[in-house]
Amino acid sequence: MLKVTVPNYCREEISYTLHCLLKEFLGINYEIEFSANQSDFLFTYDNESFKIKNHFFKTGSYLNLYTEASIPKNITKGTIEIDNRVYDLVGLYGNVDFDNNLRVLNLDILSSAFFMLTRWEEWVTKERDVHNRFDAKESIAVKLDFIHRPIVNEYVELLWALLSQIGIKQLRKVYGYTIVPTHDVDVPYLWKTKIKALRHLLGKLYHGKIRDVLSGLTFLFRGRDPYNIFSLLMSKSEKIGVKSHFFFMSGGNSIYDNRYSITESRILSLVRDIKKRDHQIGFHPSYNAYSNIELFTQEKVLLERATDQRISFGRHHYLRFEIPHTIRIWEENDMAWDSTLGYAQYCGFRCGVCHPYQLFDIENRKMLKLRERPLIAMEATLVVYNKLSLEDAIREVRRLKSTVKKYNGEFVFLWHNSSVYNIMYRDHMPLLDVMYEQG
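What counts, and where the lines are drawn
Residues numbered from 1 in each chain as written. Predicted model: local features only at pLDDT ≥ 70, side-chain atom pairs only at ≥ 80, totals over all residues. Heavy atoms only, no water. Helix = DSSP H or I, 4+ residues; strand = E, 2+ residues; numbered from the N terminus. Rg over C-alpha atoms; globule rule 2.2 N^0.38 Å. Buried < 20%, exposed > 50% of the residue type's maximum accessible area, 1.4 Å probe, protein only. Contact = heavy atoms within 4.5 Å. Pairing = 2+ DSSP bridges. Axes fitted to C-alpha atoms, helices over the stretch in contact; angles between N-to-C directions. Parallel < 35°, antiparallel > 145°, perpendicular 65-115°, else oblique. Left-handed = near helix turned anticlockwise from the far one by under 90°. Phe/Tyr/Trp six-rings, centres within 6.5 Å; stacked < 30°, edge-to-face > 60°. Lys NZ or Arg CZ within 6 Å of the ring centre and 35° of its normal. Salt bridge = Lys/Arg side-chain N within 4 Å of Asp/Glu carboxyl O.

Of the regular secondary structure elements, the chain holds 14 helices and 17 strands. Relative to the 2.2 N^0.38 estimate, which gives 22 Å for 439 residues, the radius of gyration of the chain is 24 Å and therefore close to what a compact globule would have. A principal-axis box enclosing the C-alpha atoms of the chain has dimensions of 75 × 45 × 40 Å. Counting over 439 residues, the chain shows a buried share of 58%. Long-range contacts, defined as pairs at least 24 residues apart, comprise 73% of the intrachain contacts of the chain with a sequence gap of at least 6.

What follows is about the sheet that holds strand 3 (residues 41–45). If you trace the 6 strands from one edge of the open sheet to the other, you get 2-1-3-4-8-7, paired in mixed fashion. Edge strands, defined here as strands with exactly one partner in the open sheet, are strand 2 (30–35) and strand 7 (98–99). Sheet analysis places strand 1 (residues 2–7) next to strand 2, joined by 6 bridges and oriented parallel. In the sheet register, T5 faces strand 2, and the bridge partner there is E33. Packing of helix 1 (residues 11–26) onto the sheet brings it into contact with strand 1, strand 2 and strand 3, and relative to strand 2 it is tilted by some 155°.

Residue placement: V412 occurs in strand 17 (residues 410–414). Among the residues examined, V412 registers a relative accessible area of 2% and is labelled buried. Expressed as a C-alpha distance, the spacing of V412 and L107, which sit 305 residues apart in the sequence, is 29 Å.

Our next topic: the packing of helix 2 (residues 109–118) against helix 5 (residues 151–165). Axes are the key here: two packed helices are described by the angle between their axes and the distance separating the axes. Closest axis-to-axis distance for the helix 2/helix 5 pair is 10 Å, and the angle between their directions is 150°. One way to sum up the angle between helix 2 and helix 5 is to call them roughly antiparallel. Crossing angle aside, the handedness with which helix 2 passes helix 5 is left-handed. For the pair helix 2 and helix 5, the contacting residues are I109, S112, A113, M116 and L117 in the first and I151, V152, Y155, L158 and L159 in the second.

Next up on the list: the packing of aromatic side chains. Applying the stated criterion across every chain, the model contains 26 aromatic pairs. Aromatic pair F56 and F57: ring centres 5.1 Å apart, planes at 70°, arrangement edge-to-face. By the burial criterion, F56 is buried, and F57 matches it. Ring centres 6.3 Å apart and planes at 35° place the aromatic pair F134 and Y343 in the tilted group. Highlighted residues: F134 in the loop between helix 3 (120–124) and helix 4 (140–143) and Y343 in the loop between strand 13 (337–338) and strand 14 (357–361), separated in sequence by 209 residues. A network of ring pairs unites the aromatic residues Y16, F41, F56, F57, Y66, Y93, F114, F115, W120, W123 and F360 as a single cluster. It is R266 that lies over the ring of Y189; its NZ or CZ is 4.0 Å from the centre. One cation-aromatic arrangement involves R373 over W337; the distance from NZ or CZ to the ring centre is 4.6 Å.

Extensive coverage of strand 14 is indicated by the burial of 5 of its 5 residues. Of the pairings in the sheet, the one linking strand 14 to strand 15 (residues 366–372) comprises 4 bridges and is antiparallel in character. Bridge pairing links F360 to M367 in strand 15. The turn linking strand 14 back onto strand 15 is made up of 4 residues, and R365 within it adopts a positive phi angle of 55°.

Cis rather than trans, the peptide bond between I323 and P324 has omega equal to -5°. Even without being glycine, K387 reaches a positive phi, approximately 50°. Looking at the element boundaries, K387 is found in the loop between helix 12 (379–385) and helix 13 (390–406). Its relative accessible area of 65% is what places K387 among the exposed residues.

Turning to the pattern of salt bridges, a few remarks are in order. Counted under the stated rule, the structure contains 28 salt bridges. With a closest N to O distance of 3.1 Å, D334 and R310 form a salt bridge. With a gap of 24 residues between them, D334 in the loop between helix 11 (325–332) and strand 13 and R310 in the loop between helix 10 (293–307) and strand 12 (313–314) connect regions that are remote in the sequence. We note a salt bridge from E437 to R398, for which the minimum N-O separation is 2.7 Å. Taken as a pair, E437 in the segment after helix 14 (430–435) and R398 in helix 13 lie far apart in primary sequence, 39 residues in all. With relative accessibility at 28%, the residue E437 sits in the partly exposed group. The exposure class of R398 is partly exposed, given its relative accessible area of 43%.

Structure (structure tokens):
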């Protein structure tokens with residue numbers, strides 16, 4: 001059995017980090033020993049061992065860990081060679097350095113992984129954007145330019161190499177690369193009635209938008225709303241053998257909500273069609289539900305009644321999320337997984353990882369049942385926020401997918417059904433096919 005001897009403080013935080021790295025990501029059985037004589041992290045197997053230096057978890061109150069002064073201000077980049085394999089790494093705590101003779105790793109991958117997975121940086125940093133979201137530009141991953149690297153996955157590969165070096169006999173967990181299509185149903189239809197459709201098109205004609213009119217008439221004559229591409233999305237998922245996840249809203253009290261009612265006949269018909277084709281129905285809590293447990297619970301109950309099923313996963317509207325309060329709301333509502341943690345402004349790895357993992361309540365110091373499936377890419381990020389050309393957007397998505405595939409992770413992407421007819425996305429529609437590419 002692998003034995004890990006660690007300091008006799010910050011027990012919950014260290015235990016959680018080891019659980020993620022060893023159990024969640026590697027599938028390795030181990031035992032922990034807390035020792036007053038150990039200030040670093042000692043891994044032992046069959047009388048062979050290696051040590052990882054501890055640069056973050058210290059004695060005293062655990063709350064003293066989470067300060068602006070504790071957020072890394074600089075990073076180190078470098079390589080470590082183990083058994084003729086080179087590992088390219090980013091160091092948040094400690095330098096990228098390994099003493100092969102003493103088997104001492106100066107790069108504190110445990111503290112660095114804890115930093116990324118728990119997102120405690122977002123609890124400490126007070127700056128928020130116009131939607132009261134943690135401002136991505138304040139994250140060190142963006143500031144120090146490693147948002148496109150799943151650095152926790154990189155740490156896991158290094159940790160496995162170190163375990164292999166001391167002769168670990170257990171087999172590591174085997175993952176398979178997969179694409180996870182998700183679709184936030186903010187606006188399920190453009191036209192409520194045919195009369196409103198004609199008025200909409202007449203307005204487009206008045207403003208000289210002939211292309212919009214011709215496109216709209218094509219949809220109208222076919223008896224289909226421009227935003228109704230749900231069948232197309234499901235067909236694309238079915239073609240590659242995966243499920244589409246449609247996240248529906250069921251309430252709200254802001255100007256960003258209530259664009260439809262979950263009890264409308266056409267919405268219920270859509271839900272039935274999704275269920276008939278064996279795709280997934282999830283929850284899209286309204287704009288203010290991320291910080292309001294009563295509102296969250298009320299909307300969840302309404303969605304479950306309307307869809308006649310238990311709802312256990314989803315994503316927040318506008319990607320609003322507040323550490324640790326939002327995850328506590330999800331946990332108390334017995335939700336299985338969330339997929340909010342990606343940035344609206346940047347594609348990449350907000351949590352530093354491309355695998356699902358259990359979340360940690362840093363304030364209550366406990367690991368939750370709730371799991372996170374990090375959002376890697378969203379069409380609005382590429383087209384609206386980053387204003388990329390089609391060629392650059394395709395290049396960016398393929399680069400991200402290649403990285404996720406390298407670690408046999410999940411490429412979770414978000415494509416809104418309402419993006420197809422929207423003028424902002426019209427020239428970027430081939431991007432949808434690239435999202436679904438298996439290669």
